[in-house]
Amino acid sequence: DVSTLVSARLTPTVIKEEAIGSGEAQMPAMVEDGWKLLHVAAWLRDAPPNAGWRVEVFRRLMKVVRTPSQPFPLRARALCAFLNSRDASATTLFRQLLSSPDSDLEARILAALGLGAMGDQSAVELLSKQMESDSRDLRWAGALALGRIASHAAIDVLGQILLQGEDDLRRAVAEGLSLDPIEGHGILREAIQDA
């Protein structure tokens, strides 16, 4: 039972009183707490499903992913910790994050990439909607996720956009299709021959 060790690692870093007014210590403390959380999150994959500390670690990881003031690399590593845990509930969390209008753009990009990395075939429709976003980065994340999922429905969406989309979006779709060596590469060969 590592509950005591987890609790000690998740205790927030104490900021000295003289540094609070200057704001200098807040970012290092945030990053240090994030690293401690990621260290504990590495244990999730091997932890028993009924371990009491798992829920708290997942809650804190999602808080990092959802918080715009957190550094983006830390948010991305929190997403990777979800993926590394191989917990089935992560797909539900990513779908909620991607479809929530309250989510910031970076959180939605991370959620799209997470759904793709998990190969969530039930998210194809939700990811397809991201292809209509005003954000170039979100469109690219959606294309890469669909390419990673590589189901027939995902490949169909990417194939249609490859034929009808704007140039930048077509490049994103080509990147997504390149992730599927079977059907994706065949579609790319056909597209090159037709061009």
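Going by the structure above, here's the rest.
For the structure given in this document, a descriptive report is provided here.

The rules behind these values
Residues numbered from 1 in each chain as written. Predicted model: local features only at pLDDT ≥ 70, side-chain atom pairs only at ≥ 80, totals over all residues. Heavy atoms only, no water. Salt bridge = Lys/Arg side-chain N within 4 Å of Asp/Glu carboxyl O. Helix = DSSP H or I, 4+ residues; strand = E, 2+ residues; numbered from the N terminus. Buried < 20%, exposed > 50% of the residue type's maximum accessible area, 1.4 Å probe, protein only. Phe/Tyr/Trp six-rings, centres within 6.5 Å; stacked < 30°, edge-to-face > 60°. Contact = heavy atoms within 4.5 Å. Polar contact = N/O pair within 3.5 Å; in protein donor to acceptor, adjacent residues only side chain to side chain. Core = buried A, V, L, I, M, F, W, Y, C linked by side-chain atoms within 4.5 Å. 1 Å grid on protein atoms, 1.4 Å probe; cavity = no way out; pocket = protein on both sides within 12 Å on 5 of 7 lines; lining within 4 Å. Points joined across faces, edges and corners; volume = space filled by probe spheres on them. Nonpolar A, V, L, I, M, F, W, Y, C, P; charged D, E, K, R; others polar. Expected span 1.5 Å × (residues − 1). Arc of directions from axis to C-beta.

This part is about the pattern of salt bridges. This model, assessed by the stated rule, comprises 12 salt bridges. For the salt bridge of Asp168 with Arg136, the shortest nitrogen-to-oxygen distance reads 2.9 Å. Linking Asp168 in helix 11 (residues 167-177) with Arg136 in helix 9 (residues 136-149), this pair joins segments that are 32 residues apart in sequence. Note on Arg136: relative accessible area 41%, which makes it partly exposed. As a salt-bridge pair, Arg171 and Asp168 come within 3.7 Å of each other at their nearest N and O atoms. Of the two residues, Arg171 and Asp168 both sit in helix 11, three residues apart, roughly one turn of that helix.

A word on the packing of aromatic side chains. Scanning all chains against the criterion turns up two aromatic pairs. Ring plane angle 20 degrees and centroid distance 5.6 Å describe the contact between Phe58 and Phe82, whose orientation is recorded as stacked. With Phe58 in helix 4 (residues 53-66) and Phe82 in helix 5 (residues 72-85), this pair connects stretches of sequence that are 24 residues apart. When sorted by exposure, Phe58 lands in the same class as Phe82, which is buried.

Before going further, it helps to spend a moment on the side chain of Arg54. In this fold, Arg54 is placed in helix 4. Excluding residues that lie within four positions of it along the chain, Arg54 makes contacts with Leu44, Ala47, Pro48, Pro49 and Asp87.

What follows is about the side chain of Asp120. Note that Asp120 resides in the loop between helix 7 (105-118) and helix 8 (124-130). A relative accessible area of 8% places Asp120 in the buried class. Among the polar contacts listed, one links the side chain of Asp120 to the side chain of Arg95, at a separation of 2.9 Å. When sequence neighbours within four positions are dropped, the list of residues in contact with Asp120 reads Thr91, Arg95, Leu115 and Ile149.

This next bit is on the nonpolar core. Trp53, Val57, Leu61, Leu98, Leu127, Leu146 and Val173 are the most contacted members of the largest nonpolar core, which has 54 residues in total. Dropping the residues within four chain positions of it, Trp53 is found in contact with Val2, Ser3, Val6, Val40, Trp43, Leu44 and Ala47.

Of the pockets and cavities examined, the largest pocket occupies roughly 350 Å³. Breaking the lining of the largest pocket down by element, the ones donating at least two residues are helix 3 (26-41) and helix 4. When residues in the lining of the largest pocket are grouped by element, the largest group, seven residues, is from helix 3. By residue class, the composition of the lining of the largest pocket is six nonpolar, five polar and six charged.

Residues other than glycine seldom take positive phi values, yet Arg86 does so here, at roughly 55 degrees. Locating Arg86 in the fold gives a position in the loop between helix 5 and helix 6 (89-99).

Mapped onto the elements of the fold, Ala154 is located in helix 10 (residues 152-164). Separated by 31 residues in sequence, Ala154 and Ala123 place their C-alpha atoms 9.3 Å apart. The contact partners of Ala154, leaving out residues within four places of it in the chain, are Val124, Leu146 and Ile149.

In a regular helix each residue adds 1.5 Å, so 14 residues correspond to 20 Å; helix 5 covers 20 Å between its end C-alpha atoms and thus fits that length. Taken as a whole, helix 5 has its buried residues at Leu74, Arg75, Ala78, Leu79, Ala81, Phe82 and Ser85. Looking down the long axis of helix 5, one finds its buried residues gathered within 150 degrees of arc, a one-sided arrangement.

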